[in-house]
Amino acid sequence: MEDKSRSRDPLEILVDGLAGDLWDLALEIWRFAEVGLKEEKSAKAQISYLSRKGFSVTIGTGGMPTAFVAEWGKGRPIIGFLGEYDALAGLSQDAVAERRPLAEGAPGHGCGHNLLGVGALGAALALKTFMEERRMGGTIRYYGCPAEETLVGKVFMAREGVFNDLDAAITWHPGCINTVQLGSSNGLNSARFNFHGKTAHAAGDPHNGRSALDAVELMNIGANYLREHIIPDARIHYVITDGGGQPNVVPARAQVWYYVRAPRRRQVEEIYARLLDVAKGAALMTGTTFDVEFLAGCYDVLPNETLTFLALDNFKKVGAPDWTTEELEFARRVSETIDQGQKSEMLRNMNAPKELYDQIMNTTVVDPLDKGKVMPGSTDVGDVSWIVPTVQVSVATWPIGTPGHSWQIVACSGHALGLRGMLVAAKVMAMTGKDLLENSSVLEKAKKEFSERVGDERYKSPLPDGLKPPLGQFNRH
Ligand SMILES: [Zn+2]
């Protein structure tokens, strides 16, 4: 038999040594399944583990009790690993290949963030141990970022400046393809518009009333006309969250909740400003007034090719996760619950290599497929990527074609199938961090690429001055 261990990187060996702890921690967070800004137990479990391992931890970053920064080491470079650990409402699910909630209606890890956080934490810890053994200089940080699903965590952390002195940021996302991302994602603004009118009897004296619902409807009509005159890649979506109480009362209050998304932050701002004018127009037409509750805003992702190809080289050394026959059998059963038409469509849209169509789990490492592409969704990793060169690895932890935010993802994220992918992610990220510590020229190249891409569009927080994190509410993004 071939002795694989001889060619293994020391960081792979270190991550394998931590595997037991990392599996336990990821499963613990999977069971907690706490939604954004409520991740108290999930944050605490990571904080106490990292403290035991010699990291100094600052808790409450950006005014969020479940955000923290764990640090070890001295001097430069400073390498940051970004972790997330929020769950999604209503997706509770056991680690089995059929729909079976653990607690009906409760949250579940439908985006695999239990793996995401612990994988990044594992990379930070393995790299710290490696540096300690070799008495290397440099600083390692693990950023405990809450509420990614609501696009809150990293944006509020960024406003506090905690990413400003980093030399590079490394993160990953669980997924169905083994690759490193080179694409971008949409920037976003999320805001609620509250219209205020005057109540009246809708039959008796409607002339005395001023309908806030009319204003909401006219605003939506205005927004729908606006669509023709904005870039086609932008997205505007809304829901009416309050349309009044009953038909015979002219509504004095009504509310509509909007998202505006576009490939670049400045485009989001330009379209959002025009949407504010639409709201003004609706208020003017109806004799009402309005105020805006700004909920969240984030940047598009700024890719960094230097870091992407550095991480890809490491990924090719580590290879795809080496699943057991039982794990692959589980994947096959999960895959049977997935629409195969959707799977092929997804692969076609990605321009995926042919061999992927026949795979259930991705057993190869694929060159980036998304150069120049913009994922229509949004992530708050975008904000970090505009502050410091950032790379996002993607490791297969669920079958190809699995829909996002689904019970299937919850099942795989609580199963050895996903946990094995998490260890691969930790290895690839730790090795990439080590390269950046040891090879200053690649770090300089990444930084140079970063400044060229940023140009004169320096990061400016999307948040209005004085806005506090929405600790009391849970918004769905
Ligand atoms: Zn996610």
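Here is a short report on the structure shown in this document. In this convention, every chain numbers its residues from 1, walking through the sequence in written order. This being a predicted model, a pLDDT of at least 70 is required before a residue's local features are given, and a value of 80 or more before pairs of side-chain atoms are given or counted; all residues contribute to the totals for chains, interfaces and linings. By convention in this description, side-chain values take in all heavy atoms of the structure and omit both hydrogens and water.

**A closer look at the overall build of the protein chain**
The line we're drawing: Put simply, DSSP marks the helices as runs of H or I at least four residues long and the strands as runs of E at least two long, and each gets a number from the N terminus on. We take the radius of gyration over the C-alpha atoms and set the globule estimate at 2.2 Å times the residue count to the 0.38 power. In these tables, accessible area is a Shrake-Rupley quantity obtained with a 1.4 Å probe, and a residue counts as shielded only by the protein chains included in the view. For the charge count, each Lys or Arg is scored as positive and each Asp or Glu as negative, with His and the chain ends excluded. Charged side chains are reduced to one point each, which is NZ for Lys, CZ for Arg, CG for Asp and CD for Glu.
Secondary structure assignment for the protein chain yields 14 helices and 13 strands. For a compact globule of 477 residues, the expected C-alpha radius of gyration is about 23 Å, and the protein chain comes in at 24 Å, within 12% of that figure. Carbon and sulfur atoms provide 51% of the accessible area of the protein chain, an area that totals close to 19700 Å². Averaging the coordinates of the 51 positive side-chain charges in the protein chain and doing the same for the 59 negative ones gives two points 2 Å apart.

**Some details on the packing of helix α7 (residues 305-318) against helix α14 (residues 440-454)**
How two helices sit against one another is set out by the angle between their axes and by the gap between those axes. Put simply, the rule is: Inter-axis angles, ranging from 0 to 180 degrees, are taken between N-to-C directions of lines fitted to C-alpha atoms, where helices are fitted over the stretch in contact. Angle categories are assigned with fixed cut-offs, so that under 35 degrees is roughly parallel, over 145 is roughly antiparallel, 65 to 115 is roughly perpendicular, and the rest are oblique. Contacts between residues were defined by any pair of non-hydrogen atoms, one from each residue, lying within 4.5 Å. Here the nonpolar group is Ala, Val, Leu, Ile, Met, Phe, Trp, Tyr, Cys and Pro; Asp, Glu, Lys and Arg are the charged ones; every other residue, Gly included, is treated as polar.
Packing of α7 against α14 brings their axes to within 8 Å, and their N-to-C directions diverge by 140°. The orientation of α7 with respect to α14, classified from their angle, is oblique. Contact residues: α7 offers Glu305, Thr306, Leu307 and Leu310, while α14 offers Val442, Lys445, Ala446, Glu449 and Arg453. Partitioning the contact of α7 with α14 into residue classes produces four nonpolar, one polar and four charged.

**Points about the pattern of salt bridges**
Side chains bearing opposite charge may pair, as long as their charged atoms lie close to each other. This is how the line gets drawn: Only one rule defines a salt bridge in this text: a Lys or Arg side-chain nitrogen within 4 Å of an Asp or Glu carboxyl oxygen. We call a residue buried when its accessible area falls under 20% of the maximum for its residue type, exposed when it is over 50%, and partly exposed in between, using a 1.4 Å probe and counting protein chains only.
Per the counting criterion, the structure on display carries 30 salt bridges. Put simply, arginine 141 and glutamate 71 hold a salt bridge, and the shortest N to O gap is 2.7 Å. A residue pair is termed long-range when its members are at least 10 positions apart, and arginine 141 in strand β4 (residues 138-145) and glutamate 71 in strand β2 (residues 68-74) qualify at 70 residues. Glutamate 449 is the partner of arginine 453 in a salt bridge, and the nearest nitrogen-oxygen pair spans 2.8 Å. Residue arginine 453 and its partner glutamate 449 are both found in helix α14; the two are separated by four residues, about one turn of the helix. Taking the relative accessible area as the measure of exposure, arginine 453 reaches 31% and is therefore partly exposed. Three or more residues are tied together by salt bridges with common partners; here these are Arg264, Arg266, Asp300 and Glu457.

**Quick look at the coordination of the zinc ion**
Put simply, the test is: Counted as coordinating are nitrogen, oxygen and sulfur atoms within 2.8 Å of the metal, or 3.2 Å for Na, K and Ca, while water is not included, which may make sites look incomplete.
Ligation of the zinc ion by protein atoms is provided by Cys111 (SG), His113 (NE2) and His173 (NE2), these donors lying 2.1 to 2.3 Å from the ion. In terms of primary sequence, the donors binding the zinc ion are separated according to C-x1-H-x59-H. Remark: histidine 173 occurs in strand β5 (residues 168-175) and cysteine 111 occurs in the loop between β3 (78-84) and α3 (113-133); sequence separation between them is 62 residues.

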